[in-house]
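Reading the structure
One letter stands for each residue in the lines below.
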Amino acid sequence: MKNFTHNLKMWWIATLMLLFSTAYALPPETEYLGIIPTNSNSGTNAAQGYHDDWYWGALPIGFTFNFYGNNYTEFYFSSNGLLTFGAGSTIYSNTCIPNT
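First, a word on scope: everything that follows refers to the structure included in this document. (Residues numbered from 1 in each chain as written. Predicted model: local features only at pLDDT ≥ 70, side-chain atom pairs only at ≥ 80, totals over all residues. Heavy atoms only, no water.)

With that settled, the discussion passes to the pairing of strand β2 (residues 70-78). Two strands pair when backbone bridges link them, and strand β1 (residues 55-67) and β2 are joined in this way by eight bridges, in the antiparallel orientation. Bridge pairing in β2 places Phe65 opposite Tyr72. The antiparallel hairpin formed by β1 and β2 contains two residues in its connecting segment, where Tyr68 sits at a positive phi of about 50°. (Pairing = 2+ DSSP bridges. Helix = DSSP H or I, 4+ residues; strand = E, 2+ residues; numbered from the N terminus.)

Printed below as a string of structure tokens:
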């Protein structure tokens, strides 16, 4: 019985060590590759890459999107997280919709 108890303790210790050694491990880093957009709001001085307070587009939606009675097939997005239709914008303040 003493041998069984010793083996049981060793099994619990090994199980707990395995649990705690993997429970706090970080997942492997994942790199998400995407496109680097070309900036269209700078006219002839188009810039590519990442910028603050810039917008990119027009990019095709892939279908016709009806938004407040207007049909759009392209969209623009900004470095501030703004998604627009019809024209790009670098505005970074919140506005209620619908709003031009």
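Still more ground to cover, so stick around.
A word on a nonpolar patch on the surface. A cluster of nonpolar residues, Phe4, Leu8, Trp11, Trp12, Leu16 and Leu19, forms a patch on the protein surface that exposes about 650 Å² of accessible area. Residue placement: Leu8 occurs in helix α1 (residues 2-23). (Patch = residues over 30% accessible without salt bridge, like charges linked within 9 Å, V, L, I, M, F, W, Y side chains within 5 Å. Areas by Shrake-Rupley, 256 points an atom, 1.4 Å probe, with all protein chains shown as cover. Salt bridge = Lys/Arg side-chain N within 4 Å of Asp/Glu carboxyl O.)

All right, on to unusual backbone geometry then. Peptide bonds are mostly trans, and most non-glycine residues show a negative phi. The residue Tyr68 is not glycine, and still its phi comes out positive at about 50°. Along the chain, Tyr68 turns up in the loop between β1 and β2.

Here a ring pair, both rings aromatic, is described through the centre-centre distance and the interplanar angle of the planes. Applying the stated rule across the entire model yields eight aromatic pairs. Seen in terms of ring centroids, Trp56 and Phe77 are 5.5 Å apart; in terms of plane orientation they differ by 25°. Their pairing is stacked. Placement of Trp56 in strand β1 and of Phe77 in strand β2 is noted, with a sequence separation of 21 residues between them. Take Trp56: its relative accessible area is 4%, and that puts it in the buried class. On the basis of relative accessible area, Phe77 is assigned to the partly exposed category, the value being 28%. Taken together, a centroid distance of 5.4 Å and an interplanar angle of 50° make the contact between Phe67 and Phe85 tilted. Here Phe67, found in strand β1, pairs with Phe85, found in the segment after β3 (83-84); they are 18 residues apart in sequence, far enough to count as distant. For Phe67, a relative accessible area of 29% gives the class partly exposed. Counting every residue linked through ring pairs, the aromatic cluster contains Phe65, Phe67, Tyr68, Tyr72 and Phe85. (Phe/Tyr/Trp six-rings, centres within 6.5 Å; stacked < 30°, edge-to-face > 60°. Buried < 20%, exposed > 50% of the residue type's maximum accessible area, 1.4 Å probe, protein only.)

Take the side chain of Ser89 next. Here Ser89 shows up in the segment after β3. Exposure remark for Ser89: the relative accessible area of 18% places this residue in the buried category. Discounting chain neighbours no more than four positions away, the residues touching Ser89 are Tyr55, Ser78, Leu82 and Thr84. (Contact = heavy atoms within 4.5 Å.)

Before going further, it helps to spend a moment on the sheet that holds β3. Read across the open sheet, the three strands follow the order β1-β2-β3; overall the sheet is antiparallel. The open sheet has two edge strands with one neighbour each: β1 and β3. Pairing analysis gives two bridges linking β2 to β3, with the strands arranged antiparallel. Across the sheet, Phe77 pairs through a bridge with Leu83, a residue of β3.

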